[in-house]
Amino acid sequence: MTRKERMIAFFDDQPVDHAPHCVFVHVPEERRFGEAGAQAQFDFHRESRNSFLKIIVDLRFVVDYPLQRPEDWKAFKGFDRNEKYFQTNLDLLKRIVDKNQGEDLVYWTLFTPWNHARAMTRDDAIINAHTYSRKPEFEDAMKRLEEAVVKQADIFFDEGVDGMYYASRGGELNRFEDEIFQKYVKQYDINVLNEINKRSKYNIFHMCGDNLRMEQYRDYDCAAINWDIHGNNLSLSQGRAMFGKKVMGGLDNLGAISNGTPEKTAEETKAVIESYGKQGLIVGADCTLAAYAPMDNIRAMADVCDTY
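Residues numbered from 1 in each chain as written. Predicted model: local features only at pLDDT ≥ 70, side-chain atom pairs only at ≥ 80, totals over all residues. Heavy atoms only, no water.

## Focus: the side chain of Asn100
Step number 1: With respect to the secondary-structure elements, Asn100 resides in helix α3 (residues 84-100).
Step number 2: Within the local environment of Asn100, its side chain forms a polar contact with the backbone oxygen of Asp104, the two atoms lying 2.9 Å apart. (Helix = DSSP H or I, 4+ residues; strand = E, 2+ residues; numbered from the N terminus. Polar contact = N/O pair within 3.5 Å; in protein donor to acceptor, adjacent residues only side chain to side chain.)

## A word on the packing of aromatic side chains
Step number 1: Taken as a whole and judged by the stated rule, the model has 19 aromatic pairs.
Step number 2: Between the aromatic rings of Phe11 and Tyr202, the centroid separation amounts to 4.9 Å while the plane-to-plane angle is 35°, which identifies the pairing as tilted. Of this pair, Phe11 sits in helix α1 (residues 3-11) while Tyr202 sits in the loop between α7 (178-196) and β4 (204-207), placing them 191 residues apart in sequence.
Step number 3: Phe11 gets classed as buried once you look at its relative accessible area, which sits at 8%.
Step number 4: Both rings, one in Trp227 and one in Phe243, keep their centres 5.5 Å apart while their planes meet at 65°; by these two values the pair is edge-to-face. Linking Trp227 in strand β5 (residues 224-227) with Phe243 in helix α8 (residues 236-243), this pair joins segments that are 16 residues apart in sequence. (Phe/Tyr/Trp six-rings, centres within 6.5 Å; stacked < 30°, edge-to-face > 60°. Buried < 20%, exposed > 50% of the residue type's maximum accessible area, 1.4 Å probe, protein only.)

## Some points on the side chain of Asn226
Step number 1: Along the polypeptide, Asn226 turns up in strand β5.
Step number 2: One polar contact links the side chain of Asn226 to the main-chain carbonyl oxygen of Ala285, over a distance of 3.2 Å.
Step number 3: Non-local contacts of Asn226, meaning those with residues more than four positions away in its chain, are made with Tyr165, Phe205, His206, Met207, Met248, Gly249, Ala285 and Asp286. (Contact = heavy atoms within 4.5 Å.)

## Thoughts on the sheet that holds strand β7 (residues 281-285)
Pairing between the strands of a sheet is mediated by backbone hydrogen bonds and can be parallel or antiparallel.
Step number 1: Pairing is parallel across the open sheet formed by seven strands, whose spatial order is β1-β2-β3-β4-β5-β6-β7. Each edge of the sheet is formed by a strand with only one pairing partner; in this case those strands are β1 (53-55) and β7. Adjacent strand axes in the sheet meet at a mean angle of 25°, parallel and antiparallel pairs treated alike.
Step number 2: As paired strands, strand β6 (residues 246-251) and β7 are joined by five bridges and run parallel to one another. What sits directly across from Gly250, in β7, is Gly284.
Step number 3: Here α7 sits on the sheet in contact with β2 (106-111) and β3 (163-168), set at roughly 180° to β3. (Pairing = 2+ DSSP bridges. Axes fitted to C-alpha atoms, helices over the stretch in contact; angles between N-to-C directions.)

So, in structure tokens, the structure goes:
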């Protein structure tokens, strides 16, 4: 099987010859965009031998005004396709898609509406207070953020993305009560997910963080799901039983693959496949690897996955 054939078989519930795999790191600021950025991400994809090409970005909505009070959200007008930062990211995507030439499935990292709101305030205390405020200005802004994320996704799909790696925040048990989570985080997460599912059957949902309210994610309709199994005390097999979905993960992103040896990484990778089985599994990590993760370790993971 080619990497693309293996991924399609994975999503279509067909047997795979080997477990697909994918891990990723953040790109340094100086090589994030333009031709240098596109080449850096494409080189990483080739060198890592990932089973799909995941474009890792930090595309958030840029605001040049303070969001100190809930009422300040009135200044956020929504998505502007011509905004410079969006166009810079769109250019990156086009360059990478062109380099890929249809060889592998391409994924864009799409952030949930509340995740965007958090990044825009740049302060957890502020975004938590705005969310708890229940102010109409913040709620209206969340609706505009939902619409904006969907518009972003539609453009990315039109430009050649095969699926979204849809990344959430806000589900920590110590952050909000269930009612707040459901109203200001979950409903917008799901609204966007329902829209991107109309464009692709390959979307992967990522729950970022530890100590999450895992039960609340049972009804998220995605093709595969990824979470921090170590920070949430929920194994891949337990997650399969809870969510009833294909899973991605198994490795501690700051464990052996980032800070150990190729031999230890290979040992842990083999243990993941042996404990779960290679069907319905993308071997990956809890979250993004450390920026300094050795490529030899990443290749050791790939070697096990590609031969087991």
